[in-house]
Amino acid sequence: MDQGVPAVDLERVDLSCKVNNTEHQTDLNGVTRLIVRRGQPFTIILHLRPSAALNNGLNIRLIATTGPAPSEEADTAVKFGLSKVISKVRWSATAEVTSENTVALTVCSNPNAPIGLYQLTLDQAGGVSLGQFVLLFNPWCKRDSVYLVNEAERQEYVLSQDGLIYRGKPKRITVLPWTFGQFEPDMLDICLKILDKSLQHLQDPAQDCSDRRSPVYVSRVISAMINSQDDKGVLVGNWSGDYTDGVRPTAWKDSCSILRQWYNQNCTAVEYGQCWVFAAVACTVSRALGIPCRVVTNYGSAHDTNSNLLIERYYDEFAEDLGDDSIWNFHVWVESWMTRPDLKLGYEGWQASDPTPQEKSEDVYCCGPVPVRAIKEGDLSVKFDAPFVFAEVNADVVEYITLRDGRHVKIGGSTTEVGQCISTKAVGSDERENITHLYKYPEGSEEERQVFEKASHQNRLIQNEEEPGVHVKIKLSSNTMVGSDFEVYAQVKNNTDAKKNCRLMFYAQAVTYNGKLGETCGLTELAEMNLAPTEGGKATLQLLYSEYGKAITQDRMIKLAALLVDVETKEFYRATKTLMLDSPSITILVEGEPKVGKTLLVKALLVNPLPEALENCVFSLHGANLTDGAPITKEVGTVGPEESTIAELEFTPKATGIRKLVIDFSSDKLSNIQDFENIVIEE
């Protein structure tokens, strides 16, 4: 702080709520509190005491904080001073003296700041409060990740408080008018309370408030909190037909009555909802927080319970459906507009989220957001829940009859039944917009079948916990005893949807424990490996003792490396593994009564695993309080190939207690072999 400029002598603050809220498109929330959007300036008026002197300039530093534990590291606390101009990428402020005792203070948030309730403070004299404001996502700001370029779409997907939800059947679509009411009294506070009641906030409130900078994160929280399966969510789902202890899902016509009831009954779930109710309430919360959102209906919507992209219908001989998979006449979810910095380019735009509790995602009943574009292209590897949403709009149907003897006989199926007439309200009118083309290529087209095969391929990888792409792994045989001849394997898997022509080099080198490479002791090459999609291949490398025995050190380590080259793309794939050869064990037999001062006999037995003789063979015995500080040794001379040798050694214990008797074996070709036996020495 500049010591030459006095602190601000503040009398009162005018937050100019009416002007600011109108400029920020939040005036429908009311003008009695300050509600602004990210990355857009707002101006408040500081009224100074008459004695305040402004001729020496202004000394203003500000602190903006949000959440229960604000910190600069988490971007939930930020300190900033006055600038000459407002920044477009960070928190900033400018000041203009408008009269003798008033200052117009203009503040602009970072367009990536966490949303929520903020406290704005003058950084002087322990902090002087300037007031509170609510910060929302901003579809009007180009640097905000929810930026929507078209004004008509912003009016429809952010500001419109009512809409139409489609139900019925493809040939008889019915329309349900719905009041979203995101700007009704108390709605914004209730929507912020929903975030505060989430599992994420209860587990780590500081991190949750920091993560609220991301509409991807917030949308996922909303998806989980609109249902009440895992948390203090808003709605209880009920498809039983018995609603005597609650409200029939078909009786609801607006979101506000549901949200107010949840809030007024101490955040206890409201009974009851079905898919269109869950989706409508999620749309209200999203729009209230500034995320562009629309309600979408999918006709012939599949519920794939076993994640195989197939709806498998099993009937008995009386046509009773025995299966778990199902196809709903219609199903309703929401789409939210945002960028996806966590994914590759091209997946920005509409993201599907489904708040109806159907299947768990990361152990919680929620679904999405997932890029609609990824669903159309069959890219099931992207976050979140792409396989489930893909199946909802594009699963194939297979029908079986289950005979009395338990056999299943295929009787029919369809590739077109699922995912029809995907609909949402049109922008600026009450017309229905068919957006099926955003989710899938035309049914029966070559592109549609190609996408389904691609999705099926990726889904198999996901279910098997395999990564897409080309992979090479090294596998070992069960017997890797030093001295033996054995095989190791390079396994190649083509987890792509294209044929691959590859070359493979697989080799072995001696290596020390500190990574120093020695001589090559094995090599094989495959000049050509033609791998069809999802197909694997294997190369075998035989490691012969006659080769590796001359190369290895006493560490008995071999480094294996496989290098795979795509002949067409020239891409390289590499796998390595260090193999430590098994060593022979030493059998230890202790004879005599283990007492202090009494001599004991130890017999040590070893079998030579090598196909050649060992020279200069020596056994050594050592252990604390078992010898006189020096090892006791026994030379056994030469041990022939695969022959056994035995040494007898004597020692006299010096102290009581549990002692570790260690036997070491060394020779010209095999050393660093140890084994031990725990013995209890008594008085």
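Placed above this text is the structure.
Report on the accompanying structure. As the structure is a computational prediction, the values presented were derived from the model and not from experiment.

Some remarks on the overall build of the chain
Piece 1. Along the chain, the regular secondary structure elements total 13 helices and 38 strands.
Piece 2. Taken across its 683 residues, the chain has 50% of its residues classed as buried.
Piece 3. Restricting to contacts in the chain with at least 6 residues of sequence separation, those with at least 24 account for 64%.
Piece 4. Carbon and sulfur atoms make up 47% of the accessible area of the chain, which amounts to about 31300 Å² in all.

Focus on helix 2 (residues 151-159)
Piece 1. Among all positions of helix 2, only Arg154, Glu156, Tyr157, Val158 and Leu159 are buried.
Piece 2. In this structure, the buried side of helix 2 is in contact with strand 2 (35-37), helix 8 (275-289), strand 14 (293-303), strand 17 (349-353) and strand 23 (420-425).
Piece 3. In this structure Asn150 caps helix 2, since a side-chain oxygen of it lies 2.9 Å from the backbone nitrogen of Ala152.

Overview of the sheet that holds strand 29 (residues 536-543)
Piece 1. With respect to topology, three strands assemble into an open sheet ordered 25-26-29, the strand pairing being antiparallel. Each end of this open sheet is capped by a strand with a single partner; those strands are strand 25 (469-476) and strand 29. If you compare each strand with its neighbour and ignore which way they point, the axes differ by 15° on average.
Piece 2. Inspection of the sheet shows strand 26 (residues 486-495) paired to strand 29 by eight bridges, in the antiparallel sense.

Things to note about unusual backbone geometry
Glycine aside, the phi torsion of most residues is negative, and most peptide linkages are trans.
Piece 1. For the peptide bond that leads from Glu271 to Tyr272, omega is 5°, which places it in the cis range.
Piece 2. Topologically, Tyr272 is positioned in strand 13 (residues 270-273).
Piece 3. For the bond running from Gly368 to Pro369, omega is 0°, close enough to zero to count as cis.
Piece 4. The backbone of Asp75 shows a phi angle near 65°, a positive value even though the residue is not glycine.
Piece 5. For Asp75, the position within the fold is in the loop between strand 4 (61-66) and strand 5 (77-81).
Piece 6. Overall, the relative accessible area of 42% leaves Asp75 in the partly exposed class.
Piece 7. Even without a glycine there, the phi angle at Asp186 is positive, about 75°.
Piece 8. Tracing the sequence through the fold places Asp186 in the loop between strand 11 (172-179) and helix 3 (187-196).

Definitions and limits used
- Throughout, a residue's number is its position along its own chain's written sequence, starting from 1.
- Under the rules for a predicted model, residues below a pLDDT of 70 receive no local features and side-chain atom pairs below 80 are neither given nor counted, while totals for whole chains, interfaces and linings still include all residues.
- The side-chain values count all of the structure's non-hydrogen atoms but skip hydrogen atoms and water molecules.
- The helix count covers DSSP runs of H or I at least four residues long, the strand count covers runs of E at least two residues long, and both are numbered beginning at the N terminus.
- Accessibility here uses a 1.4 Å probe with only protein chains present; expressed as a share of the type maximum, an area under 20% marks a residue as buried, one over 50% as exposed, and anything in between as partly exposed.
- Should any heavy atoms of two residues lie within 4.5 Å, those residues are considered in contact.
- All accessible-area figures derive from a Shrake-Rupley calculation using a 1.4 Å probe, and residue coverage is judged against the displayed protein chains alone.
- Under this definition, polar contacts are N or O atom pairs within 3.5 Å; protein pairs additionally need one hydrogen-donor-capable and one acceptor-capable atom, and for neighbouring residues in sequence, both atoms have to be side-chain atoms.
- For two strands to count as paired, DSSP must find a minimum of two bridges between them.
- Only the stretch in contact is used when a helix axis is fitted, and all axes are lines through C-alpha atoms; the angle between N-to-C directions ranges over 0 to 180 degrees.

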